[in-house]
Amino acid sequence: SDKPLHYRGCSFHRIVPNFVVQGGDFTKHNGTGGESIYAGTEHGDMWGKFQDEKPFLGHTRKGLLSMANNGANANGSQFFITLRRTPHLDGKHVVFGHVTDGMEFVDAMVEKTVRDKAGKPTGETQVVIDNCGEVGADIAARSSINTSAATTFGTKPAGSSFSFGATTNTPAFSYTTTPAPASPAPTGFGIAGTTMKSAAFPPMSRAAPK
């Protein structure tokens, strides 16, 4: 697609209340696209889809990040954030991180968007990743992934609107909605991941947890 391989400007194309919010399709923004850094390498197939990382972690609670796919060993650039415990996804999708700060902003995606029957935000209520980047080891070390219900979140870096955690190469996202809601607009959220180096940017035909 000749598009830059990052999530900046990528939309959350699917929002299903009490289930997941899904994004990562930065080429088509509808769940049928995405692009990989692994295409043509030993780590991916011709489209760059890469294998599941094991052992699988459970989808045990709200706020976990997991890879969307269209089958076993078919991970791409799309991901989702759980809105509740979803054990039926265990063993089918790779959990690689969690929201470390600002889950209320994820909740705002659900509360403030207008969606069609498929969960796609419509009109001027689309949710777009405003910025992204890598987290340094010093900040990442402040938190680690924990799939139990009693997760302890990391410490927010001074002067930052995010909390980060887990490992290096963990992306940090902020998002904006248009138009801005009447109440103070969410400013962003941080995530922690354990396998994001290999799960960073890769492709997808229809990929949706069910």
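What counts and how
Residues numbered from 1 in each chain as written. Predicted model: local features only at pLDDT ≥ 70, side-chain atom pairs only at ≥ 80, totals over all residues. Heavy atoms only, no water. Helix = DSSP H or I, 4+ residues; strand = E, 2+ residues; numbered from the N terminus. Buried < 20%, exposed > 50% of the residue type's maximum accessible area, 1.4 Å probe, protein only. Contact = heavy atoms within 4.5 Å. Areas by Shrake-Rupley, 256 points an atom, 1.4 Å probe, with all protein chains shown as cover. Polar contact = N/O pair within 3.5 Å; in protein donor to acceptor, adjacent residues only side chain to side chain. Pairing = 2+ DSSP bridges. Phe/Tyr/Trp six-rings, centres within 6.5 Å; stacked < 30°, edge-to-face > 60°. Core = buried A, V, L, I, M, F, W, Y, C linked by side-chain atoms within 4.5 Å.

A.B. asks: I'm lost on the overall build of the protein in this one. Help?
C.D. replies: Scanning the protein for helices and strands turns up two helices and nine strands. Written out in order from the N terminus, the α and β elements of the protein read β-β-β-β-β-α-β-α-β-β-β. Here the protein, with 210 residues, has 51% of them falling under the buried criterion. Put simply, 70% of the contacts in the protein that link residues at least 6 apart link residues at least 24 apart. Taken as a whole, the protein presents about 9600 Å² of accessible surface, with 53% of it coming from carbon and sulfur.

A.B. asks: What's the story with the side chain of Thr125 in this structure? I'm lost.
C.D. replies: Within the secondary structure layout, Thr125 lies in the loop between helix H1 (103-112) and strand E6 (127-131). Overall, Thr125 belongs to the buried group, its relative accessible area being 15%. In this structure the side chain of Thr125 is engaged in a polar contact, spanning 2.9 Å, whose partner is the backbone oxygen of Thr122.

A.B. asks: What is the right way to look at the pairing of strand E5 (residues 95-101) in this model?
C.D. replies: Counting buried residues in E5 gives six out of seven residues, a clear majority hidden from the surface. Judged from the three bridges that link them, strand E3 (residues 64-69) and E5 form a sheet pairing that is antiparallel. Paired with Ser66 across the bridge in E5 is Val95.

A.B. asks: Would you explain the packing of aromatic side chains in this entry?
C.D. replies: Centre-to-centre distance and the angle between the planes together describe a pair of aromatic rings. Scanning the entire structure with this criterion turns up three aromatic pairs. Centroid distance Tyr7 to Phe26: 6.4 Å. Interplanar angle 80°. Geometry classified as edge-to-face. Of the two residues, Tyr7 sits in the segment before strand E1 (12-16) while Phe26 sits in the loop between strand E2 (20-23) and E3, which places them 19 residues apart along the sequence. This pair shows no difference in class: Tyr7 is buried, exactly as Phe26 is. Ring geometry for Phe12 against Phe79: centres 5.9 Å apart, planes inclined by 85°, an arrangement best described as edge-to-face. Taken together, the residues span a long stretch of sequence, with Phe12 in strand E1 and Phe79 in strand E4 (residues 75-82) at a distance of 67 residues.

A.B. asks: Just checking my understanding: could you explain the nonpolar core for this structure?
C.D. replies: Nonpolar side chains tend toward joint burial in soluble globular proteins. Judged by nonpolar contacts, the single largest core of 23 residues is most densely connected at Tyr7, Phe12, Val21, Phe79, Ile81 and Val106. Looking at this core, the elements with two or more residues in it are E1, E3, E4, E5, H1 and E6. With four residues, the top contributor of residues to this core is H1. With residues near it in sequence (within four places) discarded, Val21 still touches Phe12, Arg14, Ile15, Phe79, Phe80, Ile81, Leu83, Val106, Met109 and Val110. Within the second largest apolar cluster, five residues are counted, among which are Val20, Ala68, Phe80 and Leu89.

A.B. asks: Looking at this model, I keep getting lost on the pairing of E1. Mind explaining?
C.D. replies: Here E1 lies mainly inside the structure; four of its five residues are buried. In this structure, E1 lies alongside E2, joined through four bridges in antiparallel fashion. Across the sheet, Val16 pairs through a bridge with Val20, a residue of E2. Taken together, E1 and the strand that follows it, E2, pair antiparallel across an intervening segment of three residues, in which Asn18 is found at a positive phi of about 60°.

A.B. asks: Hey, could you run me through the side chain of Ser77 in this one?
C.D. replies: By the secondary structure assignment, Ser77 is in strand E4. Taking relative accessible area as the criterion, Ser77 reaches 0% and is therefore assigned buried. Here Gly24 takes part through its backbone oxygen, which lies 2.8 Å from a polar atom of the side chain of Ser77.

A.B. asks: So what exactly am I meant to see when it comes to the environment of Val127 here?
C.D. replies: With respect to the secondary-structure elements, Val127 resides in strand E6. Each C-alpha atom, one on Val127 and one on Lys112, is 9.7 Å from the other, the two residues being 15 residues apart in sequence.

A.B. asks: Please explain unusual backbone geometry as it appears in this structure.
C.D. replies: Working note: non-glycine residues mostly have negative phi, and peptide bonds are mostly trans. For the bond from Lys54 to Pro55, the omega torsion is 5°, close enough to zero to count as cis. When you line up the elements, Pro55 lands in the loop between E2 and E3. Its identity as a non-glycine residue notwithstanding, His29 has a phi of 60°, on the positive side. Within the secondary structure, His29 is located in the loop between E2 and E3. Residue His29 is classed as partly exposed on the basis of its relative accessible area of 27%.

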